[in-house]
Amino acid sequence: MPRTVRDVVFVDGVRTPFGKAGPKGIYHETRADDLVVKAIRELLRRNPDLDPKKIDEVAIAATTQIGDQGLTLGRTAGILAGLPQSVPGYSIDRMCAGALTAVTAVAGGVAFGAYDVALAGGVEHMGRHPMGEGVDPNPRFVSEKLVDESALFMGMTAENLHDRYPTITKLRADEYAVRSQEKAAKAYADGKIQQDLVPISVRNTNEAAGETGWGLVTTDEPMRPGTTLENLAGLKTPFRTHGRVTAGNAAGLNDGATAAIIASEDFARENNLPVKMRLVSYSFAGVEPEVMGYGPIPATEKALAQAGLSIEDIGLFEINEAFAVQVLAFLEHYGIADDDARVNQYGGAIAFGHPLASSGVRLMTQLARQFEEQPHVRYGLTTMCVGFGMGATVIWENPNFNAEGDSK
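If you're wondering where the values come from, they're calculated on a predicted model, not measured in any experiment.

Draft legend 1. Focus on the overall build of the chain. Secondary structure summary: the chain contains twelve helices and twelve strands in total. Dimensions of the chain along its principal axes, counting C-alpha atoms only, are 60 × 60 × 50 Å. Evaluated residue by residue, the chain yields a buried proportion of 56% over its 408 residues. As presented, the chain carries roughly 16600 Å² of accessible surface, and 52% of it is formed by carbon and sulfur atoms. Side-chain charges of the chain comprise 38 positive and 51 negative groups, with the mean position of each set lying 2 Å from the other.

Draft legend 2. View of the UniProt feature "domain: Thiolase C-terminal" (unreviewed entry) in the chain. Sequence positions flagged by UniProt for "domain: Thiolase C-terminal" (unreviewed entry) are, in local numbering, residues 275-397. Along residues 275-397 one finds 33% helix and 26% strand; the C-alpha atoms at either end are 11 Å apart.

Draft legend 3. Fine view of the UniProt feature "active site" (unreviewed entry) in the chain. Under the feature "active site" (unreviewed entry), the UniProt entry names Cys96, His354 and Cys385. Across 290 residues of sequence, these annotated residues stay compact in space, with a maximum C-alpha separation of 11.9 Å. Along the chain, the position of Cys96 falls in the loop between β4 (90-92) and α3 (98-112). The residues touching Cys96, leaving out its near neighbours within four places in the chain, are Thr63, His354, Leu356, Ala357, Met384, Cys385, Val386 and Gly387. The residue His354 is located in the loop between α11 (349-352) and α12 (359-373) in this model.

Draft legend 4. Summary view of the pattern of salt bridges. All told, the structure shown has 26 salt bridges when counted by the stated rule. In this structure, the salt-bridge partner of Arg278 is Glu397, at a minimum N-O distance of 3.4 Å. In this pair, Arg278 is assigned in strand β9 (residues 277-286) and Glu397 in strand β12 (residues 390-397), connecting sequence segments 119 residues apart. On the basis of relative accessibility, which here comes to 17%, the residue Arg278 falls in the buried class.

Draft legend 5. View of α12. Along its 15 residues, α12 runs 22 Å from first to last C-alpha, staying within 8% of the 21 Å computed at 1.5 Å per residue. Buried residues dominate α12, accounting for 13 of its 15 residues.

Draft legend 6. Inspection of the packing of helix α9 (residues 296-307) against helix α10 (residues 324-333) at higher detail. Orientation of α9 relative to α10, taken along the N-to-C sense of each, is 45°, at an axis distance of 10 Å. Here α10 runs oblique to α9, going by the angle between their axes. Facing α9, whose interface residues are Pro296, Ile297, Thr300 and Glu301, α10 presents Gln326, Ala329, Phe330 and His333. Partitioned by chemical class, the residues of the contact of α9 with α10 number four nonpolar, three polar and one charged.

Draft legend 7. Just the packing of helix α6 (residues 170-189) against α10, in detail. Direction vectors running N to C along α6 and α10 enclose 100°, while the axes themselves pass 9 Å from each other. Relative to α10, α6 is oriented roughly perpendicular. The residues of α10 that touch α6, namely those facing Arg172, Ala173 and Tyr176, are Ala324, Val327, Leu328 and Glu332. A per-class count over the contact of α6 with α10 returns five nonpolar, no polar and two charged.

Draft legend 8. Layout of the environment of Val11. Its location among the elements puts Val11 in strand β1 (residues 8-15). With 207 residues separating them along the chain, Val11 and Thr218 place their C-alpha atoms 23 Å apart. Aside from chain neighbours lying at most four places away, what touches Val11 is Asn47, Ile261, Ala263, Ala268, Leu273, Pro274 and Lys276.

Draft legend 9. Here's a closer look at the packing of aromatic side chains. Inspection of the entire model under this criterion finds six aromatic pairs. Note on Phe10 and Trp396: the rings are 5.9 Å apart at their centroids and 75° apart in plane angle, and the pair reads as edge-to-face. One end of the pair, Phe10, is in strand β1; the other, Trp396, is in strand β12, with 386 residues separating them in the sequence. The exposure class of Phe10 is buried, given its relative accessible area of 1%. In this structure Trp396 comes out as buried when scored by relative accessible area, which is 1%. One aromatic cluster in this structure is built from Phe317, Phe330 and Tyr334. Note that Arg15 overlies the ring of Phe18, its terminal NZ or CZ placed 4.5 Å from the centroid.

Draft legend 10. Seen up close, unusual backbone geometry. Non-glycine residue Thr72 carries a positive phi angle of around 50°. Topologically, Thr72 is positioned in the loop between β3 (58-61) and α2 (73-80). Residue classification places Thr72 among the partly exposed positions, given a relative accessible area of 40%. Here the phi dihedral of Lys145 falls at roughly 55°; this positive angle occurs in a residue that is not glycine. In this fold, Lys145 is placed in the loop between α4 (140-143) and α5 (154-164).

Cut-offs used in this document
- Residues numbered from 1 in each chain as written.
- Predicted model: local features only at pLDDT ≥ 70, side-chain atom pairs only at ≥ 80, totals over all residues.
- Heavy atoms only, no water.
- Helix = DSSP H or I, 4+ residues; strand = E, 2+ residues; numbered from the N terminus.
- Buried < 20%, exposed > 50% of the residue type's maximum accessible area, 1.4 Å probe, protein only.
- Areas by Shrake-Rupley, 256 points an atom, 1.4 Å probe, with all protein chains shown as cover.
- Lys, Arg positive; Asp, Glu negative; His and termini not counted.
- Charge placed at Lys NZ, Arg CZ, Asp CG, Glu CD.
- UniProt positions renumbered as here; feature names shortened; annotations may be inferred.
- Contact = heavy atoms within 4.5 Å.
- Salt bridge = Lys/Arg side-chain N within 4 Å of Asp/Glu carboxyl O.
- Expected span 1.5 Å × (residues − 1).
- Axes fitted to C-alpha atoms, helices over the stretch in contact; angles between N-to-C directions.
- Parallel < 35°, antiparallel > 145°, perpendicular 65-115°, else oblique.
- Nonpolar A, V, L, I, M, F, W, Y, C, P; charged D, E, K, R; others polar.
- Phe/Tyr/Trp six-rings, centres within 6.5 Å; stacked < 30°, edge-to-face > 60°.
- Lys NZ or Arg CZ within 6 Å of the ring centre and 35° of its normal.

Below, the structure written as structure tokens:
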């Protein structure tokens with residue numbers, strides 16, 4: 001019997017504040033799986049009409065699936081969060097696009113009819129588990145020249161992308177980074193970010209005083225408000241002598257988690273759940289690993305073609321800022337200005353941080369908030385580059401769209 005594809009919606013999304021990785025970071029003594037648990041519990045608290053027994057799946061991503069990021073996180077975090085034991089779960093790894101892939105994976109199940117509602121998200125505790133911890137790349141990658149050796153180092157791939165786009169100078173990247181910090185600070189000042197943050201209790205150790213206490217994390221730690229071009233101009237270029245990529249125009253090493261509710265539109269409306277975005281299309285694409293930041297361009301081309309849309313139909317863009325050059329390459333390809341008002345209206349990963357596998361849902365929660373505020377916008381997209389040469393794009397429709405307004 002043929003099945004009918006069902007409309008899939010983004011019901012709600014939350015995230016922990018993002019922290020700086022390392023001994024001085026806010027989550028240094030917090031487990032990765034506990035961050036996921038907090039996000040899941042907050043989703044359930046905010047959506048009391050969702051019966052946990054009805055959840056059909058929990059898909060949680062992590063790039064470095066080891067230690068407290070291992071052991072099939074979707075299942076174990078679900079149990080730790082108090083979900084019924086009847087709710088299954090699994091883990092996902094698509095590096096930076098982990099949470100994004102968790103969303104698209106369960107969305108496919110919802111569209112097919114295997115699920116009515118599912119949880120999807122991601123976590124990365126880069127302080128406990130640096131990217132690449134415990135991995136053993138096959139020597140054939142280099143010995144047989146299957147990839148350029150620089151593909152194994154994300155900062156070097158960003159320098160390679162600068163080479164491919166010589167018009168994207170260090171100054172342009174720095175200017176973009178300053179705008180990201182300014183927009184993030186404004187979004188906080190306007191109360192746009194706090195609504196989707198889960199406060200996290202953390203243990204703080206003052207080694208000098210020999211004291212241990214507890215604190216409450218309510219804001220993102222990596223932000224650097226007040227950043228200026230002068231601040232960024234003198235930063236080191238660690239990946240290449242006289243290079244263009246610095247700590248100021250790239251996302252840092254971060255800790256954090258995200259989670260979202262994905263459902264069929266019929267289920268959401270029957271169960272009195274919000275419908276914040278409607279899924280239109282999604283696509284993944286591969287590119288040369290040594291220029292992995294190029295990935296969002298072919299992924300977006302595929303997603304637009306699937307949807308029967310053009311780039312002119314997209315009214316809002318949430319582009320992950322792993323590196324400024326990656327966003328600028330995307331904008332240059334499509335002839336969009338560096339400071340286009342449709343792009344990353346609340347700022348991006350350069351300011352908030354990029355805990356690898358968690359970031360995809362951050363893009364979605366920010367886009368959903370913008371949809372709510374801007375009913376004249378019909379379509380938006382979330383896109384990101386992915387380590388080892390991939391891109392990922394999801395196109396969303398605004399359920400609040402006012403047909404009497406512009407479609408942009």
